[in-house]
Number of protein chains: 2
Amino acid sequence: EKSSGFSCRGWIMEVWKFCKEDTNRIIFALKGGLAVLLVSLLILIRAPYHVFGSNIIWSILTVAIMFEYTVGSTFNRGFNRALGSLLAGVLAIVVAQIALNTGPVAEPIIIGISIFLVGAITSFMKLWPPLAPYEYGFRVILFTYCLIIVSGYRMGNPIRTSMGRLYSIAIGGIVAVSVNVLIFPIWAGEQLHQELVTNFKSVADALEECVKKYLEDDGSNHPEFSSTVMDDFPDEPAYKKCRSTLSSSAKLESLANSAKWEPPHARFSHFFYPWSEYVKVSAVLRYCAYEVMALHGVLHSEIQAPYNLRITFQQEIQDATTEAAELVRCLGNDIRDTQKSLKAPILKKVHATAERLQRAIDMHSYLLISTYDQPPDRQLPKLSHTFMRKHSRRLHSWPSREVDVFEEEGANSADFVPKMQALESTAHLSLATFTSLLVEFVARLDHLVEAVDDLSKMAKFKIQTA
Amino acid sequence: EKSSGFSCRGWIMEVWKFCKEDTNRIIFALKGGLAVLLVSLLILIRAPYHVFGSNIIWSILTVAIMFEYTVGSTFNRGFNRALGSLLAGVLAIVVAQIALNTGPVAEPIIIGISIFLVGAITSFMKLWPPLAPYEYGFRVILFTYCLIIVSGYRMGNPIRTSMGRLYSIAIGGIVAVSVNVLIFPIWAGEQLHQELVTNFKSVADALEECVKKYLEDDGSNHPEFSSTVMDDFPDEPAYKKCRSTLSSSAKLESLANSAKWEPPHARFSHFFYPWSEYVKVSAVLRYCAYEVMALHGVLHSEIQAPYNLRITFQQEIQDATTEAAELVRCLGNDIRDTQKSLKAPILKKVHATAERLQRAIDMHSYLLISTYDQPPDRQLPKLSHTFMRKHSRRLHSWPSREVDVFEEEGANSADFVPKMQALESTAHLSLATFTSLLVEFVARLDHLVEAVDDLSKMAKFKIQTA
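A quick note: this is a predicted structure, and the numbers were derived from the prediction, not measured.

Asks: Help me out: how do you make sense of the overall build of chain A in this one?
Replies: In terms of regular secondary structure, chain A is built from 20 helices and two strands. Out of the 466 residues belonging to chain A, those deemed buried represent 55%. Counting only contacts in chain A whose residues sit at least 6 apart along the sequence, the fraction spanning at least 24 positions is 82%.

And the structure:
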């Protein structure tokens, strides 16, 4: 009993945390309750019920189906619902009139064929990619058409049936939209804006975290690649966030789609606000995040440059990273504050540090080449004991030997998966890979700055004069 | 008139192509039409209408809402619909009985409060991430509850109202499921299976395409990075497909969710088929695809290793790529044929080529280091004219100069985005980056083989004895 009480308390704590994280969730829930209550009052109170009749239950259905989290998607659903109902209503009335005039024998046949055709055509249109966002509209057309024409056939007078239904759907729609817009509106545009700003921060954090780990890690407590490639890297929270930005494209696109339906509000105060530019900026940002993923891959690769080689270039790598992350954060903050500041000086600084890094690698590139037929201490005089220990440990598992061993005993076992062997000799070049990817990240920042620049022009961000 | 006729014909051609691409689309559309027709017949024909009464229109609504593309998602929706309706029905009857016993004054108040609470709670539960897949179920609970309790209040006898409605919902559900399962069923599992196989092929193709371009490109007609980073690369169809595998995780997950609802069928003939393993394999495959994206980044980077350095290692790069792509394709084919073959020999071959590549880089690593204070022709005796021309062209845009120019004239222009300058001297190391990423790709194949192995064990793929 005690443990169940504890888990129940834990569950309540979790719900509480979930609500505190974003109070909009509570607001949305209360608004949802209010909207159905309002529309139910139309039936519970005698006066409106006598005016509208039992058709009014359709408004409840409309509210339950139309009420969405953001204003934009509610508008979008409402549009689908309204246009779908209207089209279906008109079509149903036309077909019903034609069927009526053909006499009582042909009437059900014509109605049956029309239902089949509407069902097949709307089902097909839903699959057509450009029309996929209006999937809900096609559902509405289908069931509204069927309901009107079928109940018209049984109860007569399809026009009155459909008008009554359209009225109540309209009432439901108006209630849903009013509650959603007038009481603590949750704007899709605002959500999109914050999501993009968060993505900028995630990429900057992940870059810094990854480089920090790269420079810290002395190889002594390096976990095996095999156990970590698919893991969540619990000690790298920023990486996790960065990875989630890679899969956020669908979310951002649907938010942008919803945001387009919203009227100007708050900070986004002019018509035709360029929401689709947000999606473009996020795409460029994703290209930067791909480089972070690649850097992360090098960090956890089995082939590692020795620690003391890495710290030789520590200053340059650190500088380039700090400046690049700073620029990404600065771009994110500019978007957050809907302002436009001069990026050229920061970008120039980032370029300068990247060039310094390239030049440092260039000048010391003799450190990167093979220790082939030379003792390692001649090439790298500062070699630490850690490295030597690691080096000698690696020599014991020299690949050619491993392959031979496998040849002898592994051939019969179908389950045996031989492991890739890294050649120690190319390990130094791993540093070049890391820095190249870092430089490539910086090169992609040009495009990011340009994309943010385009956005700030089209969205008419205020120009900040420092 | 003529141009409109032409565009109409073009549109028809496009629809035709869309249908031919996947005939399931036509089948789905016809099935959708058939399902609504069948359920409409219950009203159009006199006998069943007299049995079921006007409540039968709820079956039309149910079919229109429940009919989904795949069998699994139809089952899933049906489950949501059934359980939602049942819960809402029971709750509504209980609350209605309580309200009835409190007398005519309190009754509407209790009903109103209960509607608000159900609305708020279901709205909140929809947002709770673990319950998000059952979003539709909560909608069903909300509107069914409202409909039953409200029409029960107005028409009396909520039990009879709800029973009549549950009957007709059940009829609609049975029709939708029967048509969907019995007539040319479209299985989510089959779709998931094919999608994963396609992803394997895309990654293999993209890898080969990328390496082919890298070895072909002699730098003479190299498009500027700036114009291509965000482009669609029309000459690289495989890259485009590979990129789309990166964003396919949501699709695969929803297919796997649907597939779990499906009974054993065709090749997937045992219960508890491990659909979630498919998602895991696709995640590992995505990690390989990240490396392809990084390779693609190097291919289109501004900093490029000279052509003749690249062709020095052509054979080794080509071999490693061919073997790696072969292995990926082989894994894809095994999944396609639901068979399990011995991967160790192929994997060993891939490792051998990757090691040869590493050793080649290692032996010739002196080629990669700086040409610093040495004329380039001493370091690379085979330098072609193309490279020399490119090299000298680059020297004119030496970064320090560019930065100075910017300093003088760019400071006033807020729109000016300075471009990152690549140092020619580190260009040779770009080859090391490319090969490291390729080797890393091979290293990740171990995990891919392991993941496919796990899948084939859990899915009981037949073991192929060659």
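Asks: I tried to follow the nonpolar core on my own but got confused; where do I start?
Replies: Side chains of nonpolar character tend, in soluble globular proteins, to be buried together. Residues F200 and Y278 of chain A together with F200 and Y278 of chain B are the most contacted members of the largest nonpolar core, which totals 154 residues. For F200 of chain B, the contacting residues outside a window of four places in its chain are V281, L285, V328, L331, G332, I335, L448 and V452 of chain B.

Asks: I'm lost on the packing of helix α4 (residues 57–66) of chain A against helix α7 (residues 135–155) of chain B in this one. Help?
Replies: Two quantities define a packed helix pair, namely the angle between the axes and the distance from one axis to the other. At a minimum axis separation of 9 Å, α4 of chain A and α7 of chain B run at an interaxial angle of 165°. In terms of orientation, α4 of chain A and α7 of chain B fall into the roughly antiparallel class. Here α4 of chain A runs over α7 of chain B; the crossing is right-handed. Every residue of α7 of chain B that contacts α4 of chain A at I57, I60, L61, A64, I65 and M66 of chain A is listed here: R139, L142, F143, C146, L147 and V150 of chain B. By residue class, the composition of the contact of α4 of chain A with α7 of chain B is 11 nonpolar, no polar and one charged.

Asks: Looking at this structure, I do not really get the pattern of salt bridges. What am I missing?
Replies: Any two side chains of opposite charge can pair if their charged atoms end up close together. Taken as a whole and assessed by the stated rule, the structure comprises 32 salt bridges over all chains. With its nearest N and O atoms 2.7 Å apart, the salt bridge here joins R139 of chain A to E135 of chain A. Of this pair, R139 of chain A and E135 of chain A both sit in helix α7 (residues 135–155), four residues apart, roughly one helical turn. Here K343 of chain B ties to D334 of chain B by a salt bridge, and the two come within 2.4 Å at their closest N and O atoms.

Asks: Whenever I open this one, the packing of helix α6 (residues 106–127) of chain B against α7 of chain B confuses me. Can you help?
Replies: Residue and element names in this part refer to chain B. At their nearest, the axes of α6 and α7 sit 9 Å apart, and the two run at 170° to each other. Comparing their axes, α7 and α6 come out roughly antiparallel. Of the residues in α7, those in contact with E107, P108, I111, S114, I115, V118, G119, T122, M125 and K126 of α6 are E135, F138, R139, I141, L142, Y145, C146, I149, V150 and Y153.

Asks: Would you mind showing me how to read the packing of aromatic side chains here?
Replies: Two descriptors summarise a pair of aromatic rings, namely the distance from one centre to the other and the angle between the planes of the rings. Applying the stated rule across the entire model yields 25 aromatic pairs over all chains. Ring geometry for Y214 of chain B versus F434 of chain B: centroids 3.7 Å apart, planes at 5°, classification stacked. Placement of Y214 of chain B in helix α9 (residues 188–216) and of F434 of chain B in helix α20 (residues 429–458) is noted, with a sequence separation of 220 residues between them. Here Y214 of chain B and F434 of chain B have matching classes, each one buried. Among the aromatic side chains, those forming a connected cluster through ring pairs are F268, Y273, W275 and Y278 of chain A. Lying over the aromatic face of F18 of chain A, R25 of chain A brings its terminal NZ or CZ to 4.0 Å of the ring centre. A cation over a ring is seen here: R310 of chain A above Y214 of chain A, with NZ or CZ 4.8 Å from the ring centre.

Asks: Would you take a moment to explain unusual backbone geometry for this structure?
Replies: Most peptide bonds take the trans form, and the phi angle of most residues other than glycine is negative. Residues and elements named next belong to chain B. Phi is positive for F184, which is not a glycine, with a value near 40°. The residue F184 is located in the loop between α8 (158–182) and α9 in this model. Even without a glycine there, the phi angle at K460 is positive, about 55°. By the secondary structure assignment, K460 is in the loop between α20 and β2 (462–463).

Asks: I'm lost on the environment of L83 of chain A in this one. Help?
Replies: When you line up the elements, L83 of chain A lands in helix α5 (residues 71–101). Considered as a pair, L83 of chain A and I141 of chain A are 58 residues apart in the sequence and their alpha carbons are 8.4 Å apart.

Asks: Just to check I follow, could you spell out a nonpolar patch on the surface for this structure?
Replies: A contiguous nonpolar surface patch, about 430 Å² in accessible area, is contributed by F79, L83, L87, Y134 and W261 of chain A. In this structure, Y134 of chain A sits in the loop between α6 (106–127) and α7.

Asks: Any chance you could explain the state of the cysteines here in plain terms?
Replies: The term disulfide refers to a covalent linkage connecting the sulfur atoms of a pair of cysteines. Residues and elements named next belong to chain B. One pass over the structure, following the stated rule, counts zero disulfides over all chains. Note on C8: no disulfide assigned, nearest cysteine sulfur contributed by C19 at a separation of 15 Å. Given the relative accessible area of 9%, C19 is considered buried.

Asks: I'm lost on α4 of chain A in this one. Help?
Replies: Within an α-helix, residues lying three or four positions from one another point in the same direction, as the helix has 3.6 residues per turn. Burial within α4 of chain A is extensive, with 10 of its 10 residues counted as buried. For α4 of chain A, the set of buried residues is I57, W58, S59, I60, L61, T62, V63, A64, I65 and M66 of chain A.

Asks: Would you take a moment to explain the side chain of R286 of chain B for this structure?
Replies: Residues and elements named next belong to chain B. Tracing the backbone shows R286 in helix α13 (residues 275–299). Buried and without a salt bridge, R286 has E253 as its closest oppositely charged side chain, separated by 6.0 Å. Setting aside residues no more than four positions away along its own chain, R286 makes contact with T245, L246 and S249.

Asks: Whenever I open this one, the environment of R160 of chain A confuses me. Can you help?
Replies: By secondary structure assignment, the location of R160 of chain A is in helix α8 (residues 158–182). For the pair R160 of chain A and K241 of chain A, spaced 81 residues apart in sequence, the C-alpha separation works out to 55 Å.

Asks: Please explain the confidence of the model for chain A as it appears in this structure.
Replies: Low pLDDT means the predicted coordinates in that region are not meant to be read closely. Residues and elements named next belong to chain A. Averaged over all residues, the pLDDT of chain A equals 79, while 82% of them reach at least 70. Put simply, helix α18 (residues 385–396) is where chain A has its lowest mean pLDDT, 32, and helix α15 (residues 314–336) is where it has its highest, 93. For the stretch residues 223–228, pLDDT sits under 50, and the model shows 12 contacts to residues farther than four places along the chain or on other chains. Overall fold confidence (pTM) sits at 0.81, and the ipTM for the predicted complex is 0.78.

The rules behind each value
- Residues numbered from 1 in each chain as written.
- Chains lettered and ligands numbered in written order.
- Predicted model: local features only at pLDDT ≥ 70, side-chain atom pairs only at ≥ 80, totals over all residues.
- Heavy atoms only, no water.
- Helix = DSSP H or I, 4+ residues; strand = E, 2+ residues; numbered from the N terminus.
- Buried < 20%, exposed > 50% of the residue type's maximum accessible area, 1.4 Å probe, protein only.
- Contact = heavy atoms within 4.5 Å.
- Core = buried A, V, L, I, M, F, W, Y, C linked by side-chain atoms within 4.5 Å.
- Axes fitted to C-alpha atoms, helices over the stretch in contact; angles between N-to-C directions.
- Parallel < 35°, antiparallel > 145°, perpendicular 65-115°, else oblique.
- Left-handed = near helix turned anticlockwise from the far one by under 90°.
- Nonpolar A, V, L, I, M, F, W, Y, C, P; charged D, E, K, R; others polar.
- Salt bridge = Lys/Arg side-chain N within 4 Å of Asp/Glu carboxyl O.
- Phe/Tyr/Trp six-rings, centres within 6.5 Å; stacked < 30°, edge-to-face > 60°.
- Lys NZ or Arg CZ within 6 Å of the ring centre and 35° of its normal.
- Patch = residues over 30% accessible without salt bridge, like charges linked within 9 Å, V, L, I, M, F, W, Y side chains within 5 Å.
- Areas by Shrake-Rupley, 256 points an atom, 1.4 Å probe, with all protein chains shown as cover.
- Disulfide = S-S within 2.5 Å.
- Lys, Arg positive; Asp, Glu negative; His and termini not counted.
- pLDDT = per-residue confidence, 0-100.

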